[in-house]
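Observations on the three-dimensional arrangement
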Amino acid sequence: QVQLVESGGGLVQPGGSLRLSCAASGFTFSNYAMRWYRQAPGRERELVAGISSIAGSRNYADSVAGRFTISRDNAKNTVYLQISSLKPEDTAGYYCYALLLRIGLRDEYWGQGTQVTVSS
């Protein structure tokens, strides 16, 4: 059974930090690129950060570059999102996403999300 389980969200003051985790099981984690998305109420889901399967490359949305860091530990089947210098506009549900793309094959999974609320 495939699972992506996010954790680490919560209520934090502006300027604060959190580390989100996403624990994967039921598939070969090291073969998959991993991404974090977020969705605020009334807004579309947006890509926040991505990391390749062997962590050779990372990419970030302009709105979070320099404040968020994505990393992964293939031995622990976990991807992380370190978020810092938080702003109220970072308030959203944060979702983990796994993607495998090969010739003739596309496989993808979503987690259930973890809520981040930035407020004083």
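Report on the accompanying structure. Not measured: the values here are computed from a predicted model.

**Observations concerning the environment of Q112**
Position of Q112 relative to the elements: it lies in the loop between β10 (105-110) and β11 (114-118). With relative accessibility at 47%, the residue Q112 sits in the partly exposed group. Considering only alpha carbons, one finds Q112 and G42, 70 residues apart in sequence, at a separation of 18 Å. Not counting residues up to four positions away in its chain, the partners in contact with Q112 are L4, V5, E6 and Y95.

**Some details on the pattern of salt bridges**
Enumeration according to the criterion identifies four salt bridges in this entry. Among the ionic pairs, D90 bridges to R67, the shortest N-O distance being 2.7 Å. Taken as a pair, D90 in the loop between β8 (78-83) and β9 (92-102) and R67 in the loop between β6 (58-60) and β7 (68-73) lie far apart in primary sequence, 23 residues in all. Owing to a relative accessible area of 0%, D90 belongs among the buried residues under this scheme. Three or more residues are tied together by salt bridges with common partners; here these are R38, E46, R67 and D90.

**Here we look at the environment of Q39**
Relative to the helices and strands, Q39 is located in strand β4 (residues 33-39). Relative accessible area serves as the criterion here: at 29%, Q39 is assigned to the partly exposed category. With 51 residues separating them along the chain, Q39 and D90 place their C-alpha atoms 9.4 Å apart. In contact with Q39, other than residues within four places in its own chain, are E44, R45, A92, G93 and Y95.

**Details of the sheet that holds β7**
Pairing in this open sheet of four strands is antiparallel, and the strands run β1-β3-β8-β7 from one edge to the other. What marks the edges here is a single partner per strand, and that holds for β1 (3-7) and β7. If you compare each strand with its neighbour and ignore which way they point, the axes differ by 15 degrees on average. One ladder, built from five bridges, connects β1 with strand β3 (residues 18-25); its direction is antiparallel. What sits directly across from E6, in β3, is C22.

Cut-offs used in this document
- Residues numbered from 1 in each chain as written.
- Predicted model: local features only at pLDDT ≥ 70, side-chain atom pairs only at ≥ 80, totals over all residues.
- Heavy atoms only, no water.
- Helix = DSSP H or I, 4+ residues; strand = E, 2+ residues; numbered from the N terminus.
- Buried < 20%, exposed > 50% of the residue type's maximum accessible area, 1.4 Å probe, protein only.
- Contact = heavy atoms within 4.5 Å.
- Salt bridge = Lys/Arg side-chain N within 4 Å of Asp/Glu carboxyl O.
- Pairing = 2+ DSSP bridges.
- Axes fitted to C-alpha atoms, helices over the stretch in contact; angles between N-to-C directions.

These values are about where atoms sit, not about what they do.
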